[in-house]
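Structural overview
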Amino acid sequence: MGSRIFQINLMQGFLYPTTGFKRLLAAWLVLPVSLAVLVPPILMGLGLGGTLKLSAHQGLGLTLSILAICVLVGSIPFTCLAGYMLRCRKQVMQGNQQLPPWTGLKSLLRDGGGMDMLGIWFATPALVLVSLALTSLAGTIGNFSSHHTLGAFLMALLGSGAGLICLLLALVYWIFVLLVSPMATLRLALGASPLHAVSLKGILQDIGKGFGDYLLCCVLVWGVSVLFQMAQAAFWPLILVTFPSQVYLQLVWANLLGQYAVAYLPERL
């Protein structure tokens with residue numbers, strides 16, 4: 001099985017988002033909807049802040065409460081989008097090459113919650129490494145600027161080196177995540193729990209069954225994303241379609257991964 005290649009129809013993957021324009025449009029509207037639902041809590045916070053006389057402690061509490069509400073409310077549309085992406089994987093595995101409907105809010109939130117868990121688990125180590133790097137760099141630079149001694153200089157170099165190493169490790173880790181996270185989402189779509197879906201041994205075994213096709217899909221989707229970012233850097237108005245383009249590529253990924261499961265993991269369907 002692992003020696004097979006070209007079992008995935010790449011053209012079908014890139015045309016998949018166009019199989020239902022209204023459903024694609026609904027996916028593209030997630031960001032505007034998320035921004036719209038943030039307006040009421042923000043206006044409420046501004047209104048309370050302007051009408052109530054609050055101490056510094058109370059003002060901080062109100063601000064943090066409003067921020068928590070904004071994060072919670074604003075994330076719901078994106079959780080639904082993540083659930084929809086998982087639904088697309090499942091539908092393709094079942095042989096449906098059309099974008100699925102957006103029905104069943106509970107199902108979308110449940111599946112999206114699983115996808116969110118994967119994102120949190122994958123992102124946490126990178127955030128820890130970046131935090132350590134920034135803490136190290138900030139602390140040593142501050143010490144160096146206030147104590148102009150050889151010892152402080154050496155400590156700054158040592159601290160900066162540790163910070164740079166942490167940043168390098170974070171970069172290497174994130175590249176690794178880009179490689180393995182799509183397979184983790186496919187394992188989730190195949191019925192694994194979020195915890196089992198991130199099993200490194202299981203992920204590598206599943207990738208190994210069709211490594212050539214999997215790597216080809218990664219390189220192709222990443223390449224298209226990089227090309228778009230280069231075009232955006234050269235022509236800044238393209239920033240307006242950044243979110244739609246990323247949603248489009250995520251739908252492409254959903255189809256390619258569904259095809260991968262059919263070709264290389266049929267016993268799990």
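Description of the structure in this document. These numbers were taken from a predicted model, which means no experiment stands behind them.

**Some words on the packing of helix H2 (residues 21–28) against helix H11 (residues 242–264)**
Running from N to C, H2 and H11 point in directions that differ by 125°, and their axes come no closer than 9 Å. With respect to their mutual orientation, H2 and H11 come out oblique. For the pair H2 and H11, the sense of crossing is right-handed. Every residue of H11 that contacts H2 at Leu24, Ala27 and Trp28 is listed here: Phe243, Pro244, Val247, Tyr248 and Leu251. Looking at the contact of H2 with H11 residue by residue, the classes come out as 8 nonpolar, no polar and no charged.

**Quick look at the pattern of salt bridges**
On inspection of all chains with the given rule, the structure shows 4 salt bridges. In this structure, Asp206 engages Arg187 in a salt bridge whose closest nitrogen and oxygen atoms are separated by 2.7 Å. Note that Asp206 is positioned in helix H9 (residues 200–208) and Arg187 in helix H7 (residues 150–189), a separation of 19 residues in sequence. As far as burial versus exposure is concerned, Asp206 and Arg187 are alike and both buried. A salt bridge links Arg268 to Asp206; the nearest nitrogen and oxygen atoms lie 3.0 Å apart. Taken as a pair, Arg268 in the segment after H11 and Asp206 in helix H9 lie far apart in primary sequence, 62 residues in all. Taking relative accessible area as the criterion, Arg268 reaches 31% and is therefore assigned partly exposed.

**Some remarks on the packing of aromatic side chains**
For the structure shown, the criterion picks out 5 aromatic pairs. Each ring, one from Tyr214 and one from Trp253, has its centre 6.3 Å from the other, and the planes form 45°; the classification is tilted. Of this pair, Tyr214 sits in helix H10 (residues 211–234) while Trp253 sits in helix H11; the two residues are 39 residues apart in sequence, bridging distant segments of the chain. Taken together through their ring pairs, the aromatic side chains of Tyr214, Trp253, Tyr260 and Tyr264 make up a single cluster.

**Quick look at a nonpolar patch on the surface**
Side chains of Phe21, Leu25, Leu29, Val33 and Val37 sit close together on the surface and give an oily, nonpolar patch of about 410 Å² of accessible area. Only H2 and helix H3 (30–37) provide two or more residues apiece to the nonpolar patch. Along the polypeptide, Phe21 turns up in helix H2.

**Structural notes on the nonpolar core**
Leu186, Leu251 and Tyr260 are the most contacted members of the largest nonpolar core, which has 52 residues in total. Considering every element that reaches this core, the biggest residue donor is H11, with 13 residues. Apart from the residues lying within four places of it in its own chain, the contact partners of Leu251 are Tyr16, Pro17, Leu24, Tyr84, Met85, Cys88 and Leu99.

**Topic: the side chain of Arg89**
Note that Arg89 resides in helix H5 (residues 56–93). Despite its burial, Arg89 pairs with no opposite charge, the nearest such side chain being Asp111 at 10 Å. Setting aside residues no more than four positions away along its own chain, Arg89 makes contact with Met115, Thr185, Leu186, Ala189, Ala254, Leu257 and Gly258.

**A few points about the environment of Gly208**
Relative to the assigned elements, Gly208 resides in helix H9. For the pair Gly208 and Tyr264, spaced 56 residues apart in sequence, the C-alpha separation works out to 9.6 Å.

**Thoughts on the packing of H2 against H3**
Where H2 meets H3, the closest approach of the two axes is 4 Å, and the angle between their N-to-C directions is 40°. Taken together, the axes of H2 and H3 lie oblique to each other. Residues Ala26, Ala27 and Trp28 of H2 form the contact with H3, whose own contacting residues are Val30, Leu31 and Pro32. By residue class, the composition of the contact of H2 with H3 is 6 nonpolar, no polar and no charged.

Cut-offs applied
- Residues numbered from 1 in each chain as written.
- Predicted model: local features only at pLDDT ≥ 70, side-chain atom pairs only at ≥ 80, totals over all residues.
- Heavy atoms only, no water.
- Axes fitted to C-alpha atoms, helices over the stretch in contact; angles between N-to-C directions.
- Helix = DSSP H or I, 4+ residues; strand = E, 2+ residues; numbered from the N terminus.
- Parallel < 35°, antiparallel > 145°, perpendicular 65-115°, else oblique.
- Left-handed = near helix turned anticlockwise from the far one by under 90°.
- Contact = heavy atoms within 4.5 Å.
- Nonpolar A, V, L, I, M, F, W, Y, C, P; charged D, E, K, R; others polar.
- Salt bridge = Lys/Arg side-chain N within 4 Å of Asp/Glu carboxyl O.
- Buried < 20%, exposed > 50% of the residue type's maximum accessible area, 1.4 Å probe, protein only.
- Phe/Tyr/Trp six-rings, centres within 6.5 Å; stacked < 30°, edge-to-face > 60°.
- Patch = residues over 30% accessible without salt bridge, like charges linked within 9 Å, V, L, I, M, F, W, Y side chains within 5 Å.
- Areas by Shrake-Rupley, 256 points an atom, 1.4 Å probe, with all protein chains shown as cover.
- Core = buried A, V, L, I, M, F, W, Y, C linked by side-chain atoms within 4.5 Å.
- Lys, Arg positive; Asp, Glu negative; His and termini not counted.

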